[in-house]
Amino acid sequence: MPYDFDRIIDRRGTQCEKWDGMEEHYGVSPGDGISMWVADMEFRPPPAVAQAFKWEMEHGVHGYWADSGQYKQAIVNWMARRHNWSIEPSWISTTHGIVMAVNMLVQAFCKPGDKVIIQTPVYYPFAFAVAANGCQVINNRLVKENGRYVMDLDDLKRQADGQTRMIILCSPHNPGGRVWSKEELEALAEICLSRNILMVSDEIHHDLVYPGAKHTVLASLSPELQDKVVVCTSASKTFNLAGTMTGNVIIANEELRKQFTDHLYKCGMFLPNRFGPIAARAAYNHGEGWLDALLLYLEENRNLIASVLENRLPAVKSMPLEGTYLAWLDFSGMDAPMDEIVRKVEKEARLALNHGDTFGPGGENHLRMNFACPRLMVEQALERLIKAFV
Ligand SMILES: Cc1ncc(COP(=O)(O)O)c(C=O)c1O
């Protein structure tokens, strides 16, 4: 394999939230623990990113950044090549990451008291973004069907009323690993459009999809829909550039886009951090081979977790993942209180995993395991889990 995903890179003591923050969050020491919480990867990005940074360092002057057109063009090309969605550079606004984008979208399109729907359990900053901006969080809980999540559209219809302004969709879904089908997205969109609910589709995990599933960009479903929705993407999950905090908000409709960019300017968000677009452009333009190799590696990690748990710890159910590198582990078959399970995971297995309840209703009894790491780490983590519980 031309890319060495097996290589263990020690990130401890490198101002790294995942490793240097694990003790504070989970009481698991980086000295003997394995960190599998924050959603970034243990891998170096495509070599083109280091080359782009090398050029920048050798040039040595890091002033304000200006897009010569090449950054946005790289995104346009990527969306056309990998996602079959044709966009214009002018549709793209650059933000300091997607969490910031989601917060700003709530600010730009909702007023305090408005209702915003999220589909829990879901990436927890969605609920924070809604509540922190004075809006009401409406939980449209996902339901499990054949072990995987599906949307409860009847519940959505019941809950959506005249005060409901927005839905924040997680597509692919974190933490459930669902890659929503075209039909599921169409059914959801029909309800939202008919009720004038603005759809914000966070597609940050769009490139991390396994064979058998296909990601559909929400806006690509129809020209009518494209004119009414907001799509958020980023190179940060795809190429492990999370620390560069750079996201893309893609809005085809001119009026909606203006409403959003006016808000960005009101917040002083005129220019992105210089390093984010430099890295992302290099990765989009030259990282495709790396991504294809990464996906094969991640798929094997995913399969390993599923088969080891099924054979040796069947009380723990790993949701079948169609996308993302986040295993969603259901411990409800353990017949033990969750605080006792968490104690064993953290104190005995010495694993730092996200607690499921932080993802909102439906997340109880689950832990989320980030397996974007060398195989050896996955193997060790599984052995530790088995030792703690069997
Ligand atoms: C669905 C989703 N959106 C956004 C983010 C983070 O985005 P950013 O780091 O660009 O703020 C994550 C990170 O895990 C995520 O899973």
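Rules of the game
Residues numbered from 1 in each chain as written. Predicted model: local features only at pLDDT ≥ 70, side-chain atom pairs only at ≥ 80, totals over all residues. Heavy atoms only, no water. Pairing = 2+ DSSP bridges. Helix = DSSP H or I, 4+ residues; strand = E, 2+ residues; numbered from the N terminus. Axes fitted to C-alpha atoms, helices over the stretch in contact; angles between N-to-C directions. Phe/Tyr/Trp six-rings, centres within 6.5 Å; stacked < 30°, edge-to-face > 60°. Buried < 20%, exposed > 50% of the residue type's maximum accessible area, 1.4 Å probe, protein only. Lys NZ or Arg CZ within 6 Å of the ring centre and 35° of its normal. UniProt positions renumbered as here; feature names shortened; annotations may be inferred. Right-handed = clockwise from strand over helix to strand, strands pointing away. Near = heavy atom within 4 Å. Polar contact = N/O pair within 3.5 Å; in protein donor to acceptor, adjacent residues only side chain to side chain. Areas by Shrake-Rupley, 256 points an atom, 1.4 Å probe, with all protein chains shown as cover. Nonpolar A, V, L, I, M, F, W, Y, C, P; charged D, E, K, R; others polar. Parallel < 35°, antiparallel > 145°, perpendicular 65-115°, else oblique. Left-handed = near helix turned anticlockwise from the far one by under 90°. Contact = heavy atoms within 4.5 Å. Disulfide = S-S within 2.5 Å.

Enquirer: For the sheet that holds strand β7 (residues 164-170), give the residues involved together with the corresponding values.
Expert: The strand order across the open sheet formed by 7 strands is β2-β10-β9-β8-β7-β3-β4, and the pairing between neighbours is mixed. Both outer strands of the open sheet, β2 (92-95) and β4 (136-139), are each paired with one neighbouring strand and no more. Taken pair by pair, the neighbouring strands of this sheet meet at an average axis angle of 25°, ignoring direction.

Enquirer: Any details on the packing of aromatic side chains? Residues and values, ideally.
Expert: Here the structure, examined in full by the defined rule, presents 20 aromatic pairs. Between Phe-239 and Tyr-284, the aromatic rings sit 6.0 Å apart at their centres with planes inclined by 85°, giving edge-to-face as the arrangement. Placement of the pair is Phe-239 in helix α10 (residues 236-239) and Tyr-284 in helix α12 (residues 275-286), with a sequence separation of 45 residues. Here Phe-239 falls in the buried class, since its relative accessible area comes to 0%. Here the aromatic residues Tyr-3, Phe-5, Phe-43, Trp-78, Phe-239, Tyr-284, Trp-290 and Tyr-297 are joined through ring pairs into a cluster of three or more. Taking NZ or CZ as reference, Arg-302 lies 4.7 Å from the ring centre of Tyr-210, over its face.

Enquirer: If you had to explain the UniProt feature "domain: Aminotransferase class I/classII large" (unreviewed entry) in the protein chain to someone new, which residues and values would you point to?
Expert: Here the UniProt feature "domain: Aminotransferase class I/classII large" (unreviewed entry) sits at residues 40-385. Taken end to end, residues 40-385 has its terminal C-alpha atoms 21 Å apart, with 42% of it in helix and 16% in strand.

Enquirer: Please provide a residue-by-residue account of the pairing of strand β3 (residues 115-118), values included.
Expert: By the alternation rule, side chains of β3 split into Lys-115 and Ile-117 and Val-116 and Ile-118, which are all buried. One crossover worth recording links β3 to the parallel β4 by way of helix α6 (residues 125-132), and it is right-handed. Alignment of β3 against β7, held across 4 bridges, turns out to be parallel. Opposite Ile-117, over in β7, you have Ile-167 as the bridge partner.

Enquirer: Run through the site of the ligand, naming residues and quoting values.
Expert: Taken together, Ala-39, Gly-97, Ile-98, Val-99, Tyr-123, Cys-170, Asn-174, Asp-202, Ile-204, His-205 and Lys-237 make up the full set of residues adjacent to the ligand. Contact between the ligand and Asn-174: an oxygen atom at 2.8 Å from a side-chain N or O atom of the residue. Within the side chain of Asp-202, a nitrogen or oxygen atom sits 2.6 Å from a nitrogen atom of the ligand. Across the complex, the protein chains shield 94% of the 400 Å² of accessible surface that the ligand would expose by itself. Of the residues belonging to the shell around the ligand, the class tally is 6 nonpolar, 3 polar and 2 charged.

Enquirer: Provide a residue-level description of the packing of helix α3 (residues 47-59) against α12, including the pertinent values.
Expert: Interhelical geometry of α3 versus α12 gives an angle of 140° and a closest axis separation of 8 Å. In this view, α3 runs oblique relative to α12, as classed from their interaxial angle. Handedness of the crossing formed by α3 with α12: right-handed. Contacts between α3 and α12 involve Ala-48, Val-49, Ala-52, Phe-53, Glu-56 and Met-57 from the first element and Phe-275, Ile-278, Ala-279, Ala-282, Ala-283 and His-286 from the second. Among the residues making up the contact of α3 with α12, the classes are represented as 10 nonpolar, 1 polar and 1 charged.

Enquirer: Give a detailed account of the packing of helix α4 (residues 70-83) against helix α13 (residues 288-312), specifying residues and quantitative values.
Expert: Remark: α4 packs on α13, axes separated minimally by 13 Å, with the N-to-C direction vectors making an angle of 45°. Between α4 and α13, the angle falls in the class oblique. Pair α4 / α13 crosses with right-handed handedness. For the pair formed by α4 and α13, the contact residues are Trp-78, Arg-81 and Arg-82 on the first element and Glu-288, Leu-291, Asp-292 and Leu-295 on the second.

Enquirer: Which residues make up the state of the cysteines, and what are the values?
Expert: On inspection of all chains with the given rule, the structure shows 0 disulfides. Cysteine Cys-135 remains unbridged, with the sulfur of Cys-110 as its closest cysteine sulfur at 4.7 Å.

Enquirer: An account of the side chain of Glu-346 is needed here, citing residue identities and associated values.
Expert: Along the polypeptide, Glu-346 turns up in helix α14 (residues 338-348). Leaving out residues up to four positions away in the same chain, Glu-346 has contacts with Tyr-26, Val-28, Leu-351 and His-355.

Enquirer: Describe the environment of Ala-327, with residues and values.
Expert: You can see Ala-327 is positioned in strand β12 (residues 326-330). Spatially, the C-alpha atoms of Ala-327 and His-366 are 10.0 Å apart, while their sequence positions differ by 39 residues. Ignoring any residue separated from it by four or fewer positions in sequence, one finds Ala-327 in contact with Ile-305, Ser-318, Leu-321, Leu-367, Arg-368, Met-369 and Phe-371.

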